[in-house]
Amino acid sequence: MKTCYYELLEIGRDSSPDEIRKAYRRQALLLHPDKNMHSVEEATQKFAQVQAAYEILSDPDERAWYDSHRDQILREASPATTGGFDGPSSASAGTKTQDILHFFDPGLFAIIDDSEIGFFTIARKVFAQLADEEAQATDDGVRLPDFGDSRSSWAGETRYFYAAWSGFSTRKPFDWCDQYRLPDAPDRRVRRAMEKENKKLRDAAKKEYNDTVKAFVAFIKKRDPRSKQSTAESEQRQQDMATKVKEQAAKARAAHRNRFKSYEDQDWATPEYDDQFWDEEYRTKAKKENVNSEDVEAVTAAGAQANADSDDDENEIIVYECVFCKKTFKSEKQLGVHEQSNKHQKMVRDIVRRMKKENARIGHDSAEEDEFKDARETFSVEDLADEVSHLST
């Protein structure tokens, strides 16, 4: 009987990865050949078994596979498969799942060469036997690719081999798994029931066989130096590609920053305040509304002065607000133009009208209203705004 990997490391089956690693280090120190000079051969053999156990149990996928097939793997290997692969254990069934499970042992593939006990020779014999059986199961002439040897290139036959075998699906009938002989059925109903039960057994055996072969392919691929070299080259190419992408992105960002540093606004895109335009605009509107010419000149002069003052101090931000219309302007001149607009004056008249209604509601007489009218004529805009704010509160 084979020794359980958990027993070799002296741990439980529910041990964590850290416990497995610590147990392996402990056993490796105890069984290392350099520390067992009195029994080097025995220590070397046990040390190899401990290494194989750690190699399987440290990989989550291989450990899960080992746990689910532990009892089958620990069964005594058949004489036909001991020490190598000389053929199937059953002539009628061909290679069975148990025969393949015998090779889930890293110790059998420790020697990576083309010798009779080397990695490539053992793997090549196993896959050749499986391919022969699949070819005999059908007459279509299709044969699975060979494993090759140490000289096989990854880009050629090796990659094609793993691509074909990773999706393995047996074509063998598995009729040796039948539990019932159909000729023994007394009638058609019993015969159909027998066929149904036999089909269940065949499908279950096929699934187990397919899963075992695909797991063995993954097991070999992980240890195949040709695959390791290809994986390393692929990772290097990916790293080189990622480095190039980062460099290109850095260059693009640098060029982008340089374009912004040298950017200058076009003349047409820079907003400018045109004094002449606003003066003409205001004079035209004032003329239509019959505004006194002296008031027009005063407003335009005030706007020009406000614009000049704003040029003297660009950092100072002055906000001009119309409390009646609840609008803000960038210059006093714009506010003056706004105050002469029909919309603003209508808003002021509406507010005055509401103020009169409010006075009537609280009992002010007509004399007080006349007094308020005279006061309104002498009020400035700011005084009237304060009065509106007072009434609103």
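Residues numbered from 1 in each chain as written. Predicted model: local features only at pLDDT ≥ 70, side-chain atom pairs only at ≥ 80, totals over all residues. Heavy atoms only, no water.

The subject of this paragraph is the overall build of the protein. Check the secondary structure of the protein and you find 16 helices and two strands. Scored against the burial criterion, the 393 residues of the protein give a buried share of 32%. Across the protein, the fraction of contacts at a sequence separation of at least 24, relative to all contacts at a separation of at least 6, is 60%. Surface summary for the protein: the accessible area is close to 26,000 Å², and the carbon and sulfur share equals 50%. (Helix = DSSP H or I, 4+ residues; strand = E, 2+ residues; numbered from the N terminus. Buried < 20%, exposed > 50% of the residue type's maximum accessible area, 1.4 Å probe, protein only. Contact = heavy atoms within 4.5 Å. Areas by Shrake-Rupley, 256 points an atom, 1.4 Å probe, with all protein chains shown as cover.)

Here helix α8 (residues 154–165) has its buried residues at Thr158, Phe161, Tyr162 and Trp165. For α8, the arc enclosing every buried residue in end-on projection is 90°, short of the 170-degree limit, so these residues lie on one face. Within α8, the exposed residues directed more than 90 degrees away from the buried face are Ala155, Tyr160 and Ala163. Buried residues along α8 sit in contact with α7 (119–137), α9 (188–223) and α10 (225–261). (Arc of directions from axis to C-beta.)

In this structure, the second largest pocket encloses a volume near 500 Å³. Contributing to the lining of the second largest pocket are 22 residues, with Ala48, Gln49, Ala52, Asp105 and Gly107 lying nearest its centre. If you list the elements that add at least two residues to the lining of the second largest pocket, you get α1 (5–9) and α3 (40–57). Sorting elements by how many residues they give to the lining of the second largest pocket places α3 first, with six residues. Here the lining of the second largest pocket is built from residues that sort into 12 nonpolar, five polar and five charged. (1 Å grid on protein atoms, 1.4 Å probe; cavity = no way out; pocket = protein on both sides within 12 Å on 5 of 7 lines; lining within 4 Å. Points joined across faces, edges and corners; volume = space filled by probe spheres on them. Nonpolar A, V, L, I, M, F, W, Y, C, P; charged D, E, K, R; others polar.)

Averaged over every residue, the pLDDT of the protein is 77; residues scoring 70 or more account for 73%. Across the protein, the element-wise mean pLDDT spans from 52 in helix α15 (residues 366–378) up to 92 in α9. The low-confidence segment residues 77–84 (pLDDT under 50) makes 13 contacts with residues lying over four places distant or belonging to another chain. (pLDDT = per-residue confidence, 0-100.)

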